[in-house]
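A closer look at the structure
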Amino acid sequence: MGFMDDIKKAGKKLIRKNILGAPFVTEMCDTCANMYRLGWDERNGGNISYMLDEKEVAEYLDLDEVLRTIPLMGVNAAAFDVSPLIGKIFIVTGTGKYFKNVKDDPETNLGIVRIAKDGKGVELLWGYEGGGRTTSEFPTHMMCHMARLAVDPENRVVMHSHPTNTLAMNYVHELDEKKFTHTLWEMCTECIAVFPDGVGILPWMLCGTNEIGEATSKKMQEFRLVVWSMHGIYGAGKTLDETFGLIETVEKAAQIYMLTAHLPRVNTIKDEDMVKLAELFGVKYRKDFLDMK
Ligand code: 2HA
Ligand code: ZN
């Protein structure tokens, strides 16, 4: 490289903005802090991946500067095809990291990674200081991104969490997608408008594996919310706010259920009322999840 190239490179560095002020970093920090504060993400529970716009990231980072390459964790590489995501950049919570600590130390607890050209690993562009890696659920996240992007090209976020009441409800309510969704819809007036596609449910499965990733992404072809029985929930959406809001709404409904399940039910929101709501909001809802004949 010649002298002029060095000057140009130094110049590019100088005009680059501070990544700690990037909206995608501050939003990740705020989201993790919120989820922790709500008690949904104890210890290292939960993980988030958020697909970023390459041009936006280039305002903060030199995209040619790869800090290190990280293999995809817990994955039978031959069975795992991420080719639709090659070159895509994500900000991702780190494995073993605590949501509690993200806001105070984003550089250690978060990483910005690009899916490598061979699709077998990721290139670290920023973060995971001290040798961190992507969440153990990264394969599931990537499979979910692929599934959601196929039905909604604007999907950007996949979020996993252990919301307390949603989890409690798993122990006392039948784990049937129609019945579970219907109960949630009955608990808050706007539920049917917020998640008209309902909630998918997987049986208890071993987490961090290809199998659970495949099963979750299969559900994500149909649902933006998937309950992992006796473990937690997955959500997908266009923004961090939207995805958080989906999980938050399920959790609120589950809380009402848990506060009332042991009491005689005197009143409820009727199916015909839910239809009116869905029509008012103009949403396409799972008609087969209502009990109306
Ligand atoms: O990242 O929640 O499911 C920790 C978990 C695994
Ligand atoms: Zn979990």
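First, a word on scope: everything that follows refers to the structure included in this document.

Parameters and conventions
Residues numbered from 1 in each chain as written. Chains lettered and ligands numbered in written order. Predicted model: local features only at pLDDT ≥ 70, side-chain atom pairs only at ≥ 80, totals over all residues. Heavy atoms only, no water. Pairing = 2+ DSSP bridges. Helix = DSSP H or I, 4+ residues; strand = E, 2+ residues; numbered from the N terminus. Axes fitted to C-alpha atoms, helices over the stretch in contact; angles between N-to-C directions. Contact = heavy atoms within 4.5 Å. Buried < 20%, exposed > 50% of the residue type's maximum accessible area, 1.4 Å probe, protein only. Near = heavy atom within 4 Å. Polar contact = N/O pair within 3.5 Å; in protein donor to acceptor, adjacent residues only side chain to side chain. Areas by Shrake-Rupley, 256 points an atom, 1.4 Å probe, with all protein chains shown as cover. 1 Å grid on protein atoms, 1.4 Å probe; cavity = no way out; pocket = protein on both sides within 12 Å on 5 of 7 lines; lining within 4 Å. Sits in = over half its atoms within 2 Å of the grid points. Nonpolar A, V, L, I, M, F, W, Y, C, P; charged D, E, K, R; others polar. Donors = N, O, S within 2.8 Å, 3.2 Å for Na, K, Ca; no water. Lys, Arg positive; Asp, Glu negative; His and termini not counted. Salt bridge = Lys/Arg side-chain N within 4 Å of Asp/Glu carboxyl O. Expected span 1.5 Å × (residues − 1).

**A look at the sheet that holds strand β5 (residues 121-127)**
Spatial ordering of the open sheet is given by β2-β5-β4-β3-β1-β6-β9-β8-β7, a layout of nine strands whose pairing is mixed. The open sheet is flanked by β2 (68-71) and β7 (200-202), the only strands paired with a single partner. On average, each strand axis in the sheet is inclined to that of its neighbour by 25 degrees, with strand direction left out of account. Inspection of the sheet shows strand β6 (residues 157-161) paired to strand β9 (residues 232-237) by five bridges, in the antiparallel sense. Considered in β9, the bridge of valine 158 is made with alanine 236. Sheet strands touched by helix α2 (residues 23-37): β1 (47-52), β3 (89-93), β4 (110-115), β5 and β6. Its angle to β1, the strand with the most contacts, is close to 160 degrees.

**What to know about the environment of alanine 168**
On the secondary structure map, alanine 168 appears in helix α7 (residues 164-172). A relative accessible area of 27% places alanine 168 in the partly exposed class.

**Details of the site of ligand 1**
Looking at ligand 1, the residues that line it are Asn44, Gly45, Gly46, Asn47, Glu137, His160, His162 and His231. In this structure, an oxygen atom belonging to ligand 1 sits 3.0 Å away from a main-chain N or O atom of glycine 46. Between an oxygen atom of ligand 1 and a side-chain N or O atom of histidine 231, the distance comes to 3.0 Å. The fraction of the free accessible surface of ligand 1 (220 Å²) that becomes covered by protein chains is 87%. Given that more than half its atoms are within 2 Å of the pocket grid, ligand 1 belongs to the largest pocket. Classifying every residue of the shell around ligand 1 by side-chain character gives no nonpolar, seven polar and one charged.

**A closer look at the pairing of β9**
β9 sits mainly inside the fold: six of its six residues count as buried. The alternating pattern of β9 places Gly232, Tyr234 and Ala236 and Ile233, Gly235 and Gly237 on opposite faces, both of which are buried. In this structure, strand β8 (residues 225-228) lies alongside β9, joined through four bridges in antiparallel fashion. Note on β9: the bridge partner recorded for leucine 225 is glycine 235.

**Focus on the coordination of the zinc ion (ligand 2)**
Protein coordination of the zinc ion (ligand 2) is provided by His160 (NE2), His162 (NE2) and His231 (NE2), with donor distances spanning 2.0 to 2.1 Å. Mapped onto the sequence, the donors of the zinc ion (ligand 2) take the spacing H-x1-H-x68-H. Here histidine 231 lies in the loop between β8 and β9 and histidine 160 lies in strand β6, a separation of 71 residues in the sequence. The exposure classification of histidine 160 matches that of histidine 231, with both residues buried.

**Here we look at the side chain of aspartate 271**
By the secondary structure assignment, aspartate 271 is in helix α12 (residues 271-281). At 7.2 Å, lysine 178 is the nearest oppositely charged side chain to aspartate 271, a buried residue that forms no salt bridge. Setting aside residues up to four positions removed in sequence, aspartate 271 forms contacts with His182, Leu290, Asp291 and Met292.

**Focus on helix α6 (residues 138-151)**
Given a rise of 1.5 Å per residue, 14 residues ought to cover 20 Å, and the 20 Å separating the end C-alpha atoms of α6 matches this to within 8%. Of all the 14 residues making up α6, eleven are buried; the element is thus mostly covered by neighbouring parts of the structure. Among all positions in α6, only Phe138, Pro139, Thr140, His141, Met142, Met143, Cys144, His145, Met146, Ala147 and Arg148 are buried.

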